[in-house]
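Breakdown of the fold
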Amino acid sequence: MAYFPMFIQIEQKPCLVVGGGLVAKRKVRVLQDFGAVVTVVAPEVDPCIWQMEPITIYEKDFEDADLSGQCLVVAATDQPEINHRIYAKCKEAGILINVVDDPAYCDFIFPAYRKEKDMVAAFSSSGKSPVVAQYLKEENQKILTPLLGDINERMGELRDLLKKRYPDESERKQVIRNMLYQSLEKGEFKWNEEED
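Residues numbered from 1 in each chain as written. Predicted model: local features only at pLDDT ≥ 70, side-chain atom pairs only at ≥ 80, totals over all residues. Heavy atoms only, no water.

Another point: the side chain of N83. You can see N83 is positioned in helix α3 (residues 80-93). A residue is classified by how much of its surface remains accessible, and N83, at 4% relative accessible area, is buried. Setting aside residues up to four positions removed in sequence, N83 forms contacts with A75, A76, T77 and V99. (Helix = DSSP H or I, 4+ residues; strand = E, 2+ residues; numbered from the N terminus. Buried < 20%, exposed > 50% of the residue type's maximum accessible area, 1.4 Å probe, protein only. Contact = heavy atoms within 4.5 Å.)

With that settled, consider α3. Residues separated by three or four positions in an α-helix point in the same direction, a consequence of the helix having 3.6 residues per turn. With 14 residues, α3 should cover 20 Å at 1.5 Å per step; its first-to-last C-alpha distance of 20 Å lies within 8% of that length. Those residues of α3 not exposed but buried are N83, I86, Y87 and C90. Buried residues of α3 fall within an arc of 105° about the axis and therefore sit on the same side. Along α3, exposed side chains directed more than 90 degrees from the buried face belong to E81 and E92. (Expected span 1.5 Å × (residues − 1). Arc of directions from axis to C-beta.)

Under the counting rule described, the total for this entry stands at three aromatic pairs. Seen from their ring centres, Y87 and Y105 are 4.9 Å apart, and the 85° between their planes marks the pair as edge-to-face. Taken as a pair, Y87 in helix α3 and Y105 in the loop between β5 (96-99) and β6 (112-116) lie far apart in primary sequence, 18 residues in all. Positioned over the ring face of F34 is K115, at 5.4 Å from the centre of the ring. (Phe/Tyr/Trp six-rings, centres within 6.5 Å; stacked < 30°, edge-to-face > 60°. Lys NZ or Arg CZ within 6 Å of the ring centre and 35° of its normal.)

A word on helix α5 (residues 146-165). The end-to-end C-alpha distance of α5, which contains 20 residues, comes to 28 Å, matching closely the 28 Å that a straight helix rising 1.5 Å per residue would cover. The sharpest bend along α5 reaches about 50° and sits at R159. Taken residue by residue, α5 has L148, G149, I151, M155, L158 and L162 as its buried positions. On its buried face, α5 is in contact with β6, β7 (119-123) and α6 (169-186). (Bend = angle between axes of the 7 residues up to and from the residue.)

Time to look at the sheet that holds strand β2 (residues 37-42). If you walk across this open sheet you meet the five strands as β3-β2-β1-β4-β5, and the pairing is parallel. Bordering the open sheet on either side are β3 (56-59) and β5, each of which pairs with just one other strand. Strand-to-strand twist in this sheet, taken as the mean axis angle between neighbours without regard to direction, amounts to 15°. In this sheet, β5 lies alongside strand β4 (residues 72-75) in parallel orientation, the contact comprising four bridges. (Pairing = 2+ DSSP bridges. Axes fitted to C-alpha atoms, helices over the stretch in contact; angles between N-to-C directions.)

The structure is reproduced here in structure tokens:
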């Protein structure tokens, strides 16, 4: 089963990771990369996670009340019965859940991704072969560079101006395409309004 590729906004939204090991650490890092407010609940928490500020950590067993107010949850314990209980409680509460390494118990999965500022490319094997998704991520590194992240930022700043200046969509797309190719060729974003 292929997962629908949907990007959601989690900046400043509460996200819970249940588990305190290295897998949990990787999930916390990804959530933080997208601005989530992360809480970790686990009886024992790896010292690396304690260093990942800002983060809220409760060294204790998971309780149903820990789900209150959460936007999404990651169950990353090494105990399938606990992960499946968390899954069931999330389904009852209408909270998106990812049970690590158990695709049948996932509303969403973590793709391999590249991020340069707000430019994001994500790759998924639908949980079948993370190595293949990782390969695509590495190959994409040649394309999604810091320069492309900068170009995207600048184009975003000009978006409203370009819509006003070029009300015809096809003309506007051509102008933007030219800006992109010229900027990539020059190695920096440059746009002279008079040239277009």
